[in-house]
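Each chain, written out:
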Amino acid sequence: MVINMDFKLGEVVYLRTDTEQLQRIITEVNIAGNSMQDSVLMYELSQGENISKHYSSEIARSKDTTISLGI
């Protein structure tokens, strides 16, 4: 079984919808689903004391300055 992860543990990322564009670190990866052919990855992101879980489509490797500027 091979699982392709979009992001790696310890990688610094940003949430696409975060207006402050704060840096977050990937601290955990979870696999969920009915079978190995129908599985979904969830990434746990840590920012200070805050922890949240997200799909890869919600995460970006680079900061989006247009969001932080309110554009």
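Check the entry above for the structure.
Quick caveat, the model's predicted, so the values are computed rather than measured. (Residues numbered from 1 in each chain as written. Predicted model: local features only at pLDDT ≥ 70, side-chain atom pairs only at ≥ 80, totals over all residues. Heavy atoms only, no water.)

Trainee: How should I be thinking about the packing of aromatic side chains in this particular structure?
Mentor: By convention here, two paired aromatic rings are described through the distance between centres and the angle between planes. Summed over all chains, the structure comprises one aromatic pair. Relative to Tyr43, the ring of Phe7 has its centre 5.5 Å away and its plane inclined at 90°; by these criteria the two rings are edge-to-face. One end of the pair, Phe7, is in the segment before strand 1 (12-15); the other, Tyr43, is in strand 3 (residues 38-47), with 36 residues separating them in the sequence. Look at Tyr43 and you get buried, because its relative accessible area is 1%. (Phe/Tyr/Trp six-rings, centres within 6.5 Å; stacked < 30°, edge-to-face > 60°. Helix = DSSP H or I, 4+ residues; strand = E, 2+ residues; numbered from the N terminus. Buried < 20%, exposed > 50% of the residue type's maximum accessible area, 1.4 Å probe, protein only.)

Trainee: How should I be thinking about the pairing of strand 2 (residues 24-35) in this particular structure?
Mentor: The side chains of a regular strand alternate between the sheet's two faces. Judged from the two bridges that link them, strand 1 and strand 2 form a sheet pairing that is antiparallel. Considered in strand 2, the bridge of Val13 is made with Arg24. Pairing geometry for strand 2 and strand 3, over nine bridges, is antiparallel. Looking at strand 3, one finds that Gly33 is bridged to Ser39. (Pairing = 2+ DSSP bridges.)

Trainee: Where do I start with unusual backbone geometry in this structure?
Mentor: Where the residue is not glycine, phi is negative for most of them; where a peptide bond is considered, it is trans in most cases. Located in the positive-phi region is Gln21, a residue other than glycine, with phi close to 50°. Summarising the element assignment, Gln21 is placed in the loop between strand 1 and strand 2. With a relative accessible area of 4%, Gln21 lands in the buried category.

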